[in-house]
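Spelled out, the chains give:
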Amino acid sequence: MPVRVSEFSWQQTPSTVFLSLPLRGVCVRDADVFCGESYLKVNFPPFLFEVFLYAPIDDGNSKAKIGNDTILFTLYKKEPVLWEALSMPDVDKEMMKRIREKSILQAQEKAKEATEAKAAAKREDQKYALGVMMKIEEEERKKIEDMKENERKKATRELEAWKECQRKAEEPKRIPKKEKCQQRKQAEERGTLKPQGLPRKVVPARVPTRGKNWENIFSEKLKEDSIPAPRSASSIQISFTPRIFPTALRESQVAEEEEWLHKQAEARRAMSTDLPEFSDLKEEEKNPDWLKEKGNKLFATENYLAAVNAYNLAIRLNSKIPLLYLNRAACHLKLKNLHKAIEDSSKALELLTPPVADNANARMKAYVRRGTAFCQLELYVEGLQDYEAALKIDSANTVVQNDAERIRNIIQGTALKAHD
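All of these numbers come straight from a predicted model, not from anything done at the bench. (Residues numbered from 1 in each chain as written. Predicted model: local features only at pLDDT ≥ 70, side-chain atom pairs only at ≥ 80, totals over all residues. Heavy atoms only, no water.)

Let's talk about the overall build of the chain
Regarding its fold elements, the chain presents ten helices and eight strands. Taking all 420 residues of the chain together, the buried fraction comes to 25%. Look at the contacts in the chain between residues 6 or more apart in sequence, and 57% of them connect residues 24 or more apart. (Helix = DSSP H or I, 4+ residues; strand = E, 2+ residues; numbered from the N terminus. Buried < 20%, exposed > 50% of the residue type's maximum accessible area, 1.4 Å probe, protein only. Contact = heavy atoms within 4.5 Å.)

And the structure:
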């Protein structure tokens, strides 16, 4: 049983109560103080001091100072009146119990509110920091894009100047050729308009005998004129007749489709919301599907950095959903993060297995996005391989066909330049 302390001194003003309590040689670290609106308790084993205050106080602003074997309380009254006594008169055990429980509940509620307010302030600070970071990244991206645009314009001007110099250098060479053509034409005209005079005895020219290497120059010219020009290269489009008869069971993909459905079900269950950094998130923010939709909306408004952040959080919650990597690859393409776009597209293709009809559209998008990133890195051969893989999935897609044809032309032009 604790020993109750009855020795204390107190003074008051209309607004404040000053209470002095001796600690009786107990270490300061062992004193436990609890203060409520109507209840004050100090526990310093084996002693216990408690008082049920005469009127309510402002426990939030009241103070306790411990030192020199004494605790000095400064209690601020809620109503500025003088008390007749420090403690409430005629308090029975049942009333004491109710006051204690009420004080403890109020203290718990205040602590909970303070914790929630602290967590809310922390979330607001994080959102503000994220907004500032996104703004800085947007400014940096705009600065880089401006630098690229200036460099492109500069390169274009230099190329135009070089073409102009080449044209001026070739101009003197064209003039002599033009003059020779004019002189030849004038000579031919003079030959046709020459007046006919007296007939002269024409000395028969000596006709050369045909030898082993004899050739007529006119026939040689005729042969050169009759040689046809080289044929231009082109591609042949092949289309197959669609199958209208039912597929045999041995050729069906029933097993692959069941495996794909099983993998999707496992991916939905692969959640990791028990990490410490997710404790402050709301319930909807812990849902990867909600985050994916949020990222899609941000992508539609061209806020690609914020969309990447939304997909990052969704992937940390569940790293088995291929569409998260596929959508993040599209954001990286817009931000010119080409290597990251290749990594995310490859990860999406790794998760989109086995290949079935349900994931055909996603696989085609993954191939196209990875092929686009390869082409922007000037790796045209690898890009063409991905575009051809996409055409194997959907051969009727005209956009992908046109892009693949352009890549082939680029590769052929590069090969011809290297050959020259």
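That shown, we press on.
Structural notes on unusual backbone geometry
Between Thr353 and Pro354 the backbone carries a cis peptide bond, its omega angle lying at 0°. With respect to the helices, strands and loops of the structure, Pro354 is situated in the loop between helix 7 (338-351) and helix 8 (360-376). With a phi close to 65°, Lys336 is a non-glycine residue in the positive phi region. Take Lys336: it is sitting in the loop between helix 6 (322-334) and helix 7. Despite not being glycine, Glu378 shows a phi value in the positive range, around 65°. Here Glu378 shows up in the loop between helix 8 and helix 9 (380-393).

Side note on the packing of helix 8 against helix 9
It is at 8 Å that the axes of helix 8 and helix 9 come closest, and there the two elements cross at 165°. On the basis of the axis angle, helix 8 is roughly antiparallel to helix 9. Helix 9 is crossed by helix 8, and the crossing has left-handed handedness. Where helix 8 approaches helix 9, its residues Ala360, Arg363, Met364, Tyr367, Val368, Arg370, Gly371, Thr372, Phe374 and Cys375 are matched on the opposing element by Tyr380, Glu382, Gly383, Asp386, Tyr387, Ala389, Ala390 and Ile393. Along the lines of polarity and charge, the residues of the contact of helix 8 with helix 9 split into eleven nonpolar, three polar and four charged. (Axes fitted to C-alpha atoms, helices over the stretch in contact; angles between N-to-C directions. Parallel < 35°, antiparallel > 145°, perpendicular 65-115°, else oblique. Left-handed = near helix turned anticlockwise from the far one by under 90°. Nonpolar A, V, L, I, M, F, W, Y, C, P; charged D, E, K, R; others polar.)

What about the sheet that holds strand 7 (residues 63-67)?
The sheet built from four strands is open, its strands ordered 2-3-8-7 with antiparallel pairing. Strands with a single pairing partner mark the edges of an open sheet, and in this sheet they are strand 2 (9-12) and strand 7. Direction aside, the axes of adjacent strands within the sheet are offset by 15° on average. As judged from the seven bridges shared by strand 3 (residues 16-22) and strand 8 (residues 70-76), these two strands associate in the antiparallel manner. Counted as the bridge partner of Pro22 is Thr70 from strand 8. (Pairing = 2+ DSSP bridges.)

Concerning the pairing of strand 3
In terms of strand pairing, strand 2 meets strand 3 through four bridges, oriented antiparallel. Looking at the pairing, Trp10 lines up with Leu19 of strand 3. With antiparallel pairing between neighbouring strands as the criterion, strand 2 and strand 3 make up a hairpin whose turn holds three residues.

Considerations on the packing of helix 6 against helix 8
The description of two helices packed together rests on the angle between their axes and the distance between the axes. In contact at an axis separation of 10 Å, helix 6 and helix 8 are set at 30° when each is read in the N-to-C sense. Regarding the angle of helix 6 to helix 8, the classification is roughly parallel. The handedness of the crossing between helix 6 and helix 8 comes out as left-handed. Contact residues: helix 6 offers Leu323, Leu326, Asn327, Ala330 and Leu333, while helix 8 offers Ala362, Lys365, Ala366, Arg369, Thr372 and Ala373. Of the residues that constitute the contact of helix 6 with helix 8, the class distribution is seven nonpolar, two polar and two charged.

A short note on the side chain of Glu50
Take Glu50: it is sitting in strand 6 (residues 47-52). Residue Glu50 is classed as buried on the basis of its relative accessible area of 17%. Within the structure, Glu50 has its side chain in polar contact with the side chain of Arg4 (distance 2.8 Å). Reaching out from Glu50, the side chain makes a polar contact with the side chain of Tyr39 at a distance of 2.5 Å. (Polar contact = N/O pair within 3.5 Å; in protein donor to acceptor, adjacent residues only side chain to side chain.)

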